[in-house]
Amino acid sequence: MQQASQRIDKWLWYARVTKSRTLAQKLAVSGHVRLNKEKVTTAKQGIKLGDVLTIALPRRLMVYKVLDLGSRRGPASEAQLLYEDLSPPPTPKEDGQPEQRDRGTGRPTKRDRRQLIRMKKDSMDDGF
């Protein structure tokens, strides 16, 4: 028989949002978690089926709809059955691609450095 509600820190840990239950407790009380648009203030706050959690992490925003209450911290495939991911798509910067810059800006390439050394060497040989 499934319980009607579950502590939010346990659910975050079961759903593999955090690596440990202690981190889940800290995340819950830090003000980075919202339950149905209301800030969560305690780790013992109960969640139930159909609730929407908004979790603000340093580099991403996660929005999860609770589909099931966990009973254990199982594999990732089992954890994904606990929620429906409603998160917005990541911005292009989050895709892991380095930012493109125009040629000639930033650090010189190895080829550029060699050319600079040759130019300096030639100018010293000319007596300048």
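Structural notes, computed from the coordinates. These figures come from a predicted structure and were not determined experimentally. (Residues numbered from 1 in each chain as written. Predicted model: local features only at pLDDT ≥ 70, side-chain atom pairs only at ≥ 80, totals over all residues. Heavy atoms only, no water.)

## Considerations on the packing of aromatic side chains
Inspection of the entire model under this criterion finds 3 aromatic pairs. Residues tryptophan 11 and tyrosine 83 carry aromatic rings whose centres are separated by 6.2 Å and whose planes lie at 70° to one another, so their mutual orientation is edge-to-face. Separated by 72 residues along the polypeptide, tryptophan 11 in helix H1 (residues 8-14) and tyrosine 83 in strand S7 (residues 83-85) bring together distant segments of the chain. We note that tryptophan 11, like tyrosine 83, is buried. (Phe/Tyr/Trp six-rings, centres within 6.5 Å; stacked < 30°, edge-to-face > 60°. Helix = DSSP H or I, 4+ residues; strand = E, 2+ residues; numbered from the N terminus. Buried < 20%, exposed > 50% of the residue type's maximum accessible area, 1.4 Å probe, protein only.)

## Some thoughts on the pattern of salt bridges
Counted according to the given criterion, the structure contains 4 salt bridges. The shortest N-O distance in the salt bridge between aspartate 51 and lysine 48 comes to 3.8 Å. Accessibility expressed as a relative area gives 5% for aspartate 51, which makes it buried. A relative accessible area of 46% means that lysine 48 is categorised as partly exposed. The shortest N-O distance in the salt bridge between glutamate 78 and arginine 72 comes to 2.8 Å. Judged by relative accessible area, which is 29%, glutamate 78 ranks as partly exposed. Overlapping salt bridges, with partners in common, bring together Arg7, Asp9 and Arg21 in one network. (Salt bridge = Lys/Arg side-chain N within 4 Å of Asp/Glu carboxyl O.)

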